[in-house]
Amino acid sequence: MSVTAAVAKKVLTDRINRIEVSATMAITAEALKMKAAGTSLADFGAGEPHFATPRHIKDAAIAAIEQNFTRYTAVAGIPELRKAVVERHAADFGSNYTPEECVFTTGGKLALFNAVQVLVDHGDEVVLPVPYWVSFKDIIQYAGGKVVLVESDEREDFRITAQMIEAAITPKTKAIVLNTPSNPSGAVVSPADLEAIVRMAHARGIYVLLDECYVYLTFTGAVVSGGTFTDCKEHIVILGSLSKTYAMTGWRAGFALGPKAIIAAMGKLQSQSTSNAASMVQRASVAALTGPQECVAAMRADYLKLRDQMLAGFKTIPGLTCTVPQGAFYVYPNVSAFIGRGGVKSAADLAAKLLSEAHVVAVPGEAFGTSEHIRLCYAVASAVVDEGVKRMCAYFQTLG
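A brief report on the enclosed structure follows. All figures in this text were calculated on a predicted structure; none of them were measured in a lab.

Before going further, it helps to examine empty space enclosed by the protein. For the coordinates displayed, the defined rule picks out 3 cavities of 30 Å³ or more. Put simply, the largest cavity is a space of about 180 Å³. Taken together, 21 residues line the largest cavity, and the ones lying closest to its centre are P129, P131, I160, N179 and S182. Secondary-structure elements contributing two or more residues to the lining of the largest cavity are β3 (125–130) and β5 (173–179). In terms of residue count, the dominant contributor to the lining of the second largest cavity is helix α5 (residues 79–93) (4 residues). The residue inventory of the lining of the second largest cavity, partitioned by class, reads 9 nonpolar, 4 polar and 2 charged.

Another aspect to go through is the pattern of salt bridges. In the structure shown here, the tally under the stated rule is 14 salt bridges. In this structure, the salt-bridge partner of R55 is D59, at a minimum N-O distance of 3.0 Å. Placement of the pair is R55 and D59 together in helix α4 (residues 55–66), with a separation of 4 residues, close to one helical turn. Residue classification places D59 among the partly exposed residues on the basis of a relative accessible area of 37%. Three or more residues joined by partner-sharing salt bridges are found here, namely E195, R199 and D231.

This next bit is on the sheet that holds strand β7 (residues 236–241). Hydrogen bonds along the backbone pair up the strands of a sheet, which may run parallel or antiparallel. Judged by pairing direction, the sheet is mixed, and its 7 strands sit side by side in the order β2-β8-β7-β6-β5-β3-β4 without closing on themselves. Edge positions in the sheet fall to β2 (102–105) and β4 (146–151), since each of these pairs with one other strand and no more. Sheet twist, expressed as the mean angle between neighbouring strand axes with direction ignored, is 20°. Taken together, the 4 bridges between β7 and strand β8 (residues 254–257) define a ladder with antiparallel strand orientation. Among the inter-strand pairings, I238 is bridged to a residue of β8, identified as L257.

With that out of the way, let us pick up unusual backbone geometry. Going from V130 to P131, the amide bond is cis rather than trans, its omega being 0°. As for its placement among the helices and strands, P131 is situated in the loop between β3 and α7 (134–142). Between T180 and P181 the backbone carries a cis peptide bond, its omega angle lying at -5°. Backbone geometry places D157, a non-glycine residue, at a positive phi of 60°. Relative to the elements of secondary structure, D157 occurs in the loop between β4 and α8 (162–167). For D157, a relative accessible area of 44% translates into the label partly exposed.

A separate point is the layout of surface pockets. Counted as a void, the largest pocket has a volume near 560 Å³. Along the walls of the largest pocket sit 28 residues, with G47, K109, W133, K244 and R252 positioned nearest its centre. For the lining of the largest pocket, the secondary-structure elements that each account for two or more residues are α3 (23–36), α6 (108–119), α7 and β7. In the lining of the largest pocket, the residues fall into 9 nonpolar, 13 polar and 6 charged. Put simply, the second largest pocket is a space of about 380 Å³. Along the walls of the second largest pocket sit 16 residues, with E20, V21, S22, V134 and D138 positioned nearest its centre. Mapped onto the lining of the second largest pocket, the elements with two or more residues apiece are α6 and α7. Ranked by residues supplied to the lining of the second largest pocket, first place goes to α7 with 6 residues. Tallied by class, residues from the lining of the second largest pocket come to 9 nonpolar, 2 polar and 5 charged.

Helix length check: helix α9 (residues 191–204), at 14 residues, gives a terminal C-alpha distance of 20 Å against a target of 20 Å (1.5 Å per residue), a fit within 8%. Within the sequence span of α9, burial applies to D193, L194, I197, V198, M200 and A201. In a view along the axis of α9, the buried residues occupy a sector of 165°, so they form one face of it. Facing away from the buried side of α9 by over 90 degrees, the exposed positions are A192 and A203. Considering only its buried residues, α9 is in contact with α8, β5, β6 (207–211) and β7. Of the residues flanking the end of α9, it is G205, one or two places downstream, whose phi is positive at about 75°.

A word on the packing of aromatic side chains. Tallied over the full model, the rule gives 12 aromatic pairs. Here F158 and Y332 contribute two aromatic rings whose centre-to-centre distance is 5.9 Å and whose plane-to-plane angle is 65°, an arrangement assigned as edge-to-face. Of this pair, F158 sits in the loop between β4 and α8 while Y332 sits in the loop between β9 (330–331) and α13 (347–358), and the two are 174 residues apart along the sequence. In this structure, F158 and Y332 share a single accessibility class: buried.

What counts, and where the lines are drawn
- Residues numbered from 1 in each chain as written.
- Predicted model: local features only at pLDDT ≥ 70, side-chain atom pairs only at ≥ 80, totals over all residues.
- Heavy atoms only, no water.
- 1 Å grid on protein atoms, 1.4 Å probe; cavity = no way out; pocket = protein on both sides within 12 Å on 5 of 7 lines; lining within 4 Å.
- Points joined across faces, edges and corners; volume = space filled by probe spheres on them.
- Helix = DSSP H or I, 4+ residues; strand = E, 2+ residues; numbered from the N terminus.
- Nonpolar A, V, L, I, M, F, W, Y, C, P; charged D, E, K, R; others polar.
- Salt bridge = Lys/Arg side-chain N within 4 Å of Asp/Glu carboxyl O.
- Buried < 20%, exposed > 50% of the residue type's maximum accessible area, 1.4 Å probe, protein only.
- Pairing = 2+ DSSP bridges.
- Axes fitted to C-alpha atoms, helices over the stretch in contact; angles between N-to-C directions.
- Expected span 1.5 Å × (residues − 1).
- Arc of directions from axis to C-beta.
- Contact = heavy atoms within 4.5 Å.
- Phe/Tyr/Trp six-rings, centres within 6.5 Å; stacked < 30°, edge-to-face > 60°.

Below is the structure:
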């Protein structure tokens, strides 16, 4: 083979070219550079609790290390952890999974990635509500699936209904992805709509991938899981995470619950990629799931206060509007009033200028499928909320 022919060969695969770098990770990387250079930022970028991991969880990890529990484990997780996952879910939501229907993963994102990889083939359609978490679309496309978007209405608080989902279903639909409470909007699918979607999908042989990352951070008083509808479990895959519930983002602790065949396939894929989650993280996760749960309620109460503080601050900024999030810890304000002013060409442009000129970190709405919003995570200290709103107000005033 000639040198010229060798050079002409394609280097990167089609599948890697179907996806982009995570927008939240890109913003976080840029913010870290500015912080390293000494810039003081009001950082609402990464979706990460400002709380420390609870003491009893940290102690369990330390004890595991001291006891030399640092070797490989079963790929799907140690038996006591899988038991803890299914028992916690059953106690809180009335589900009836067995340890064999659970796989523990290196973060909730890996649970999602593996579930999509084992279920979605080339040409399969996956229904995805808008706005969506940044990784959903890319993970589906990486698997070769076709994303079918369901547009929500901001005037209806980004509500997703069973009728909206049903209208997007075709003979090629393989799965529906639901994230409730939603990242980025904080919208919550009502219990009635959630049940209707699950039952409709089950009747049609369509899988519902339920991202429950924020399920415990619901402000409506009704904490509901699709796993509650046990007669439909054949077509449900629960994607869970300890990251937000127990302030364990850096620990990378996630799980999936679902039919044995799907969970086994996810375990098989995991055996050829990450293998088991870190052994000491598994021990810490057992402590999180089986230990005191008061920390969850305390964190949720603080997020609610921070949400209200952020929304009150937005009222001091003329032109900025925002729905009231019903869960998670994000606000998703509409910034259309500022696009086209002061050289701002788009939400992405606005987010870039907020970072460089106001030193406020926000993620542009384009990453979530909309063009008139920015996302801000209010899981920060109260003083950061006040300072960030102050900086935003001052910056928007300069746009005229």
